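Read off the chains here:
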Amino acid sequence: MSYISGKILLEHAAENHYAVGAFSVHNAETVKAILAAAEKEKAPVILMVGQKVIQYMGLEHMKEMVDSLVKEASVPVCVHLDHSRTFEQNVQAIHAGFQSVMFDGSQLPYEENVEITRSIARIAHSLGLGMEGEIGKIGGTEDDISVEEKNAMLTTADEAVQFSQASGVDYLAVSIGTAHGVYKVEPKLNFERLEEIVEAVQKPIVLHGGSGVPDEQVQQAIARGVAKVNVDTELRQAFTAGLREALSANPEEIHPANYLTEAMKRMEEKTAEKIRLFGSAGMAKFF
Ligand SMILES: [Zn+2]
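This report concerns the structure included in the present document. Predicted model, so just to flag it, every value in this text is computed and none were measured.

Cut-off values and rules
Residues numbered from 1 in each chain as written. Predicted model: local features only at pLDDT ≥ 70, side-chain atom pairs only at ≥ 80, totals over all residues. Heavy atoms only, no water. Axes fitted to C-alpha atoms, helices over the stretch in contact; angles between N-to-C directions. Helix = DSSP H or I, 4+ residues; strand = E, 2+ residues; numbered from the N terminus. Left-handed = near helix turned anticlockwise from the far one by under 90°. Contact = heavy atoms within 4.5 Å. Nonpolar A, V, L, I, M, F, W, Y, C, P; charged D, E, K, R; others polar. Buried < 20%, exposed > 50% of the residue type's maximum accessible area, 1.4 Å probe, protein only. Pairing = 2+ DSSP bridges. Right-handed = clockwise from strand over helix to strand, strands pointing away. Phe/Tyr/Trp six-rings, centres within 6.5 Å; stacked < 30°, edge-to-face > 60°. Salt bridge = Lys/Arg side-chain N within 4 Å of Asp/Glu carboxyl O. Donors = N, O, S within 2.8 Å, 3.2 Å for Na, K, Ca; no water.

So, on to the packing of helix H2 (residues 28-41) against helix H4 (residues 59-70). The contact between H2 and H4 brings their axes to 10 Å, and the two run at 35 degrees. Crossing hand, H2 versus H4: right-handed. Taking contact as the criterion, the partners of Ala-28, Val-31, Lys-32 and Leu-35 in H2 are, on H4, Met-65, Val-66, Leu-69 and Val-70. Taken together, the residues of the contact of H2 with H4 sort by class into seven nonpolar, no polar and one charged.

Have a look at this one:
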């Protein structure tokens, strides 16, 4: 199977009331673990390339490495640029062959967010790619971008619909009570607000900070129109736990192939669990 546009993927998910898992990749092992889980569950999947991995691996190197691993995948795959803060990086990702990009201008003045998002959306659309924008501030820390949780503001339906129409995004990240990173207290999603936003926007909605949200709340959000759920922290926790165990069980081990195998296995299991939770298992056949 081949690459698929994020727009096609998420419109199908929204219409059919499931969500596609968007999982962050960090190296070859994490790409392989996610692909193995998606193939096992026969699910379409989004591989997210975020700011941290771009800093230490480089956007083009990551894309080339992902390409070589995706080539033989039996499920549809979409490579997505996560939380980009620049027009230039979005264009670089499009040039490198991403199927989906995101401009996160949620910290900018509204007009500026609209203007930059719209200019990227025009390029993405001329190539049939998907574009994600963000309105409202999602709390927590991700990839060195920090927003004080107390300043995290829930997105209103009015600003969501205005931004969605003015910017031309295909799917929209909103703030409805999730945060990036590890939760200090159990999150409580605002479903009433989500319903208002979905009703007004009429586009697939993206849930950031999907790690650590109780399963039942995730399913309720998907039932109401969330079509993409971003998961990073929980997968890194699984990968790192596997790595730590492998190394402490055998402190003399110095071969990466040996100690990384357990890390990959843990991450694959966690990814498969998320895919089943999101309802995307078995959905690969529709593409
Ligand atoms: Zn995010």
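Here the narrative resumes, following the displayed structure.
Let's shift gears to the pairing of strand E4 (residues 100-103). Moving residue by residue along a regular strand, the side chains alternate between the two faces of the sheet. Burial along E4 is two-sided: Ser-100 and Met-102 facing one way and Val-101 and Phe-103 facing the other are all buried. Sheet analysis places E4 next to strand E5 (residues 130-135), joined by four bridges and oriented parallel. Bridging across to E5, Val-101 finds its partner in Met-131. Crossover handedness for the path E4 to helix H6 (residues 110-126) to E5: right-handed.

What the rule picks out here adds up to two aromatic pairs. Pairing Phe-23 with Phe-278 gives two aromatic rings, centres 6.5 Å apart and planes at 10 degrees, and the pair type is stacked. Pair noted here: Phe-23 is in strand E1 (residues 20-24) and Phe-278 is in helix H11 (residues 256-278), with a separation of 255 residues, a long-range link. For Phe-23, a relative accessible area of 0% corresponds to the buried category. Residue class for Phe-278 comes out buried when judged on its relative accessible area of 3%. Both rings, one in Tyr-110 and one in Phe-163, keep their centres 6.4 Å apart while their planes meet at 65 degrees; by these two values the pair is edge-to-face. Placement of Tyr-110 in helix H6 and of Phe-163 in helix H7 (residues 157-167) is noted, with a sequence separation of 53 residues between them.

The tally for this structure, following the rule as stated, stands at 15 salt bridges. A salt bridge links Lys-7 to Glu-11; the shortest N-O distance between them is 3.0 Å. Separated by four residues within a single helix, Lys-7 and Glu-11 lie in helix H1 (residues 6-15), roughly one turn from each other. Residue classification places Lys-7 among the partly exposed residues on the basis of a relative accessible area of 29%. In this structure, Glu-132 and Lys-228 form a salt bridge, with 2.7 Å as the shortest nitrogen-oxygen distance. Within this pair, whereas Glu-132 is found in strand E5, its partner Lys-228 is found in strand E11 (residues 226-231), the two being separated by 96 residues in sequence. Of the two residues, Glu-132 and Lys-228, both sit in the buried class. Here the salt bridges do not stand alone but share partners, grouping Glu-234, Lys-270, Glu-273 and Lys-274 into one network.

Okay, the coordination of the zinc ion next. For the zinc ion, the full set of protein donor atoms is His-83 (NE2), His-180 (NE2) and His-208 (ND1), at a range of 2.0 to 2.1 Å. Along the chain, the residues that donate to the zinc ion are spaced as H-x96-H-x27-H. One end of the pair, His-83, is in the loop between strand E3 (77-81) and helix H5 (87-96); the other, His-208, is in the loop between strand E10 (205-207) and helix H9 (215-223), with 125 residues separating them in the sequence. Per residue, the accessibility class of His-83 equals that of His-208, and both read buried.

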